[in-house]
Amino acid sequence: MESPALMLSLMFCALLVAGLITRTVLASRQIRHVARHRATVPAAFAQTITPEAHQKAADYTITKARFGLLDTALEAAMLLGWTLLGGLDWLNQTLLAALGGGMVQQLSLLAAFSLIGGLVGLPLAWWSTFRIEERFGFNKMTLSLWLGDLFKGALVGALVGLPIAALVLWLMGAAGASWWVWAWGVWMAFNLLALVLYPTVIAPLFNKFEPLQDETLKTRVNALMQRCGFAAKGLFVMDGSKRSAHANAYFTGFGAAKRVVFFDTLLQQLNPAEIDAVLAHELGHYKRRHILKRIVLMFALSLLGFALLGWVSGQNWFYTGLGVMPSLDAPNNALALLLFMMVVPLFTYFLSPLMARMSRSHEFEADAYAMAQTNGQDLASALLKLYKDNASTLTPDPVFARFYYSHPPASERIARLRAAGTPA
Ligand SMILES: [Zn+2]
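Keep in mind that what you see is a predicted model, and the values were worked out from it rather than measured.

Undergrad: Please set out the packing of aromatic side chains residue by residue, giving values where relevant.
TA: Taken as a whole, this structure holds 17 aromatic pairs when the rule is applied. With 6.0 Å between their ring centres and 35° between their planes, W126 and F130 make a pair best called tilted. Placement of the pair is W126 and F130 together in helix α4 (residues 103–135), with a separation of four residues, close to one helical turn. According to the relative accessible area criterion, F130 is buried, its value standing at 10%. Aromatic pair F130 and W146: ring centres 5.8 Å apart, planes at 80°, arrangement edge-to-face. In this pair, F130 is assigned in helix α4 and W146 in helix α5 (residues 143–174), connecting sequence segments 16 residues apart. Summarising the burial analysis for this pair, F130 and W146 share the class buried. Taken together, the aromatic side chains of Y349, F350, F400, F403, Y404 and Y405 make up a single cluster linked through ring pairs.

This is the structure we're talking about:
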């Protein structure tokens, strides 16, 4: 093996091991910390959270963290199997022998890779829904609904993914050295289109969306949106209870096509003032331009990613260093895409604390906005109900939370909301 390839192999292994160790250490910390605080409800929540609810949250958190470790181990094994142990090379050679080199072979490689990955992950996905979520009373899915989702998901994935993949592969072969700029443009256009099509075309395949009927709530929500200078094209209720007892509310779409979606579970759990406060928090994300900032960041990072892909896909060591022999007389573009998608997360994992930190500061800003537009005490009580109903732990390990949490721990968020509500 030439030396850049060897360097890449070594770096790949080092990152894989470093990631495994970091994940294991963090998960163990979280499990130990939550278990240690399982017996007593933190003083700040003693009035509102029962010991039973606190213990359920602890058990749920610990079970999920343990399951996460199993998932991490399987993913690492798969990654190694695909790359240095020769899985992807074997699949590529087999398809080359059967189909010859060309667009059909490349698309088949992408499809077979996704299919195998999906099938291997299936038992864990089943376990997560029908063992873990079920045990804690969250799962509302039947096996046939779960299988139906799986089938629809795969179908949508193929119908949307294959044409995009074909276009990108074609650009890689036909657009010369700067193909990656064009491919980036296609990818961005696709993402913007998805923002429009997801709420109106894709999401209704999986859930029912009905206009909000409750007149009192409608008046209230419309008044809030007017006060905040926010135009949306409708208020919808989604039958989230069909799948899970977890509750949520969100905005989708952009421009004039924005809609507000409430999970039916949220409307059951919160009173109108609390729903108002939660919605004001979501509006805060729009008003403080968090959504726009995220989209711009995604644009910039993916341009960087495509530039990098443009460079490495032309280097022999990129393939051999990751356990694949590039073909001399057929395009290797699908191989390059797959290897790149597998390797990049090894690097970006170590950026997650930065991303999580940005997200947490956005959450505080949205809370502040909600406090200014509605009542901070309503938001605090809504959050507490949601924490309780979702069995989120109130006592996460501080290091684990700093590394992963996209939302500030309940104690910090609620302390701020309560402090603002108390006259000095
Ligand atoms: Zn938020």
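Undergrad: An account of the coordination of the zinc ion is needed here, citing residue identities and associated values.
TA: Each protein donor to the zinc ion is listed here as H281 (NE2), H285 (NE2), E363 (OE) and E363 (OE); together their distances run 2.1 to 2.8 Å. Here the zinc ion is ringed by four donor atoms whose angles at the metal span 51 to 135°, and the overall shape comes out irregular. Spacing between the donor residues of the zinc ion along their common chain follows H-x3-H-x77-E. Of this pair, H285 sits in helix α9 (residues 272–287) while E363 sits in helix α13 (residues 352–373), placing them 78 residues apart in sequence. Like H285, the residue E363 is buried in the burial classification.

Undergrad: Any details on unusual backbone geometry? Residues and values, ideally.
TA: Phi at R289 takes a positive value of approximately 60°, unusual for a residue other than glycine. Residues other than glycine seldom take positive phi values, yet A391 does so here, at roughly 55°. Tracing the chain through its elements places A391 in the loop between α14 (376–389) and α15 (398–404).

Undergrad: Which residues make up the nonpolar core, and what are the values?
TA: Among the nonpolar cores identified, the biggest contains 46 residues, and F45, F262, L266 and L283 are the most heavily contacted of them. Broken down by secondary-structure element, the contributors of at least two residues to this core are α7 (215–227), β2 (235–238), β3 (249–252), β4 (259–263), α9, α13, α14 and α16 (410–421). With 44 residues, the next largest nonpolar core counts L8, L171, A183 and M342 among its residues.

The rules we used
- Residues numbered from 1 in each chain as written.
- Predicted model: local features only at pLDDT ≥ 70, side-chain atom pairs only at ≥ 80, totals over all residues.
- Heavy atoms only, no water.
- Phe/Tyr/Trp six-rings, centres within 6.5 Å; stacked < 30°, edge-to-face > 60°.
- Helix = DSSP H or I, 4+ residues; strand = E, 2+ residues; numbered from the N terminus.
- Buried < 20%, exposed > 50% of the residue type's maximum accessible area, 1.4 Å probe, protein only.
- Donors = N, O, S within 2.8 Å, 3.2 Å for Na, K, Ca; no water.
- Tetrahedral: all angles 85-135°; square planar, octahedral: opposite > 155°, others 65-115°.
- Core = buried A, V, L, I, M, F, W, Y, C linked by side-chain atoms within 4.5 Å.

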